[in-house]
Amino acid sequence: FLSVTEDLVRRRAEHNNCEIFSLEEISLHQQEIEKLEHLDKWCRDLKILYLQNNLIPKIENVGKLKKLEYLNVALNNIERIENLEGCEELKKLDLTANFIGELSSIEALKYNIHLKELFLVGNPCTEFEGYRQFVVATLHQLKCLDSKEIERSERIQALQNYPEVKQKIREQEQAYLLRRAREKEEAQRRMQERKDKKQKQMESKLGFDSPDSLQKRENYQAEGDREQETWRTVEDDEEDRRFWEEPTPYTPESRLETHRYIEEKRRAKNNVR
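Bear in mind the structure is a predicted one, so any value in this text is a computation, not a measurement.

Draft legend 1. Layout of the side chain of threonine 138. Relative to the helices and strands, threonine 138 resides in helix α3 (residues 131–138). Note on threonine 138: relative accessible area 4%, which makes it buried. Engagement of the side chain of threonine 138 in a polar contact is seen with the backbone oxygen of phenylalanine 134, the distance being 2.6 Å. Leaving out residues up to four positions away in the same chain, threonine 138 has contacts with Ile106, Glu107, Lys110 and Tyr162.

Draft legend 2. Seen up close, the nonpolar core. In terms of nonpolar packing, the biggest core is built from 52 residues, with Leu49, Leu84, Leu95 and Leu118 touching the most fellow members. Those elements that provide at least two residues to this core are α1 (6–11), α3 and α5 (162–205). Broken down by element, this core gets its largest block of residues, five residues, from α3. Those residues within four positions of leucine 118 in sequence are excluded, and the remaining contacts are Leu93, Leu95, Leu109, Val135, Leu139, Leu142, Cys144, Leu145 and Asp146.

Draft legend 3. Representation of the environment of tyrosine 176. Turning to its location among the elements, tyrosine 176 is positioned in helix α5. Taking the C-alpha atoms as reference points, tyrosine 176 and glutamate 102, 74 residues apart in sequence, are found 8.0 Å from one another.

Draft legend 4. Region of interest: the sheet that holds strand β3 (residues 70–72). Sheet architecture is open: seven strands sit in the order β1-β2-β3-β4-β5-β6-β7, paired in mixed fashion. Looking along the sheet, the strands with just one partner apiece sit at the ends: β1 (25–27) and β7 (148–149). Pairing between strand β2 (residues 48–50) and β3: three bridges, direction parallel. Across the sheet, isoleucine 48 pairs through a bridge with tyrosine 70, a residue of β3.

Draft legend 5. Region of interest: the pattern of salt bridges. Scanning the model with the defined rule gives 18 salt bridges in all. Notably, a salt bridge pairs lysine 35 with glutamate 60, separated by 3.2 Å at the nearest N-O pair. Taken together, the residues lysine 35 in the loop between β1 and α2 (39–42) and glutamate 60 in the loop between β2 and β3 connect sequence positions 25 residues apart. Residue lysine 35 is classed as partly exposed on the basis of its relative accessible area, which comes to 24%. Between arginine 180 and glutamate 183 there is a salt bridge; the shortest N-O distance is 2.9 Å. With arginine 180 and glutamate 183 both in helix α5 and three residues apart, this pair spans about one turn of that helix. Residue classification places glutamate 183 among the partly exposed residues on the basis of a relative accessible area of 21%. Each of Glu79, Arg180, Glu183 and Glu253 takes part in a single network of salt bridges with overlapping partners.

What counts and what doesn't
- Residues numbered from 1 in each chain as written.
- Predicted model: local features only at pLDDT ≥ 70, side-chain atom pairs only at ≥ 80, totals over all residues.
- Heavy atoms only, no water.
- Helix = DSSP H or I, 4+ residues; strand = E, 2+ residues; numbered from the N terminus.
- Buried < 20%, exposed > 50% of the residue type's maximum accessible area, 1.4 Å probe, protein only.
- Polar contact = N/O pair within 3.5 Å; in protein donor to acceptor, adjacent residues only side chain to side chain.
- Contact = heavy atoms within 4.5 Å.
- Core = buried A, V, L, I, M, F, W, Y, C linked by side-chain atoms within 4.5 Å.
- Pairing = 2+ DSSP bridges.
- Salt bridge = Lys/Arg side-chain N within 4 Å of Asp/Glu carboxyl O.

Shape is all these values report; function is a separate question.
Now the structure itself:
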């Protein structure tokens, strides 16, 4: 997987003479990052961090960014809100279009007393009945949710209904988490199927099904997992068509699978060239 590298951070710190320890703002959007790490060690003074449109599954390794005021992790694969307690100055958090279904995880933001703006639009939890009321009643410090200001009267109302809304949210959350567990199993199964199919195709192309296949298998395995393809066949086109036409739920797994598939095709093309 791709993580945050020092080289990437330095390249993105041109406005700071490529010095990273004193960086106050950095944009790492659309970098295909799959793991969030290192920034809390390298850039302790960060105030603004843009990480939108990556493949990050989890908020982590930002807890030591005590000066961080704005974190944008829109369009990632995040499923719950966590590990932000240490961001003492956090004022604005953008989680637009992620996969947060565990709405009760917003309770972790109670500790971010300066948090004024929160964006959750495009997450599964926003479909829950009572979603907005629950957030407004849980986070007293919040001034604005999903670009809409929170009126005093709205907060009073939300606090009055809090016990029953909380119960309702819990039930919907449980149902959602059960569905997610099934989706994960299904994604695992699909991946295994694709792997097995690929292995079979590779073996038949290399003639493992002939009498001297054992010798060939040993020779092939000795060469490691390098791409063996040297041309794009009709079979590849067929596989391509199947991949894009197969109905798939929009999940963190399918988003990652699509990204990996495109990468794989790109690498195979480069090898041919």
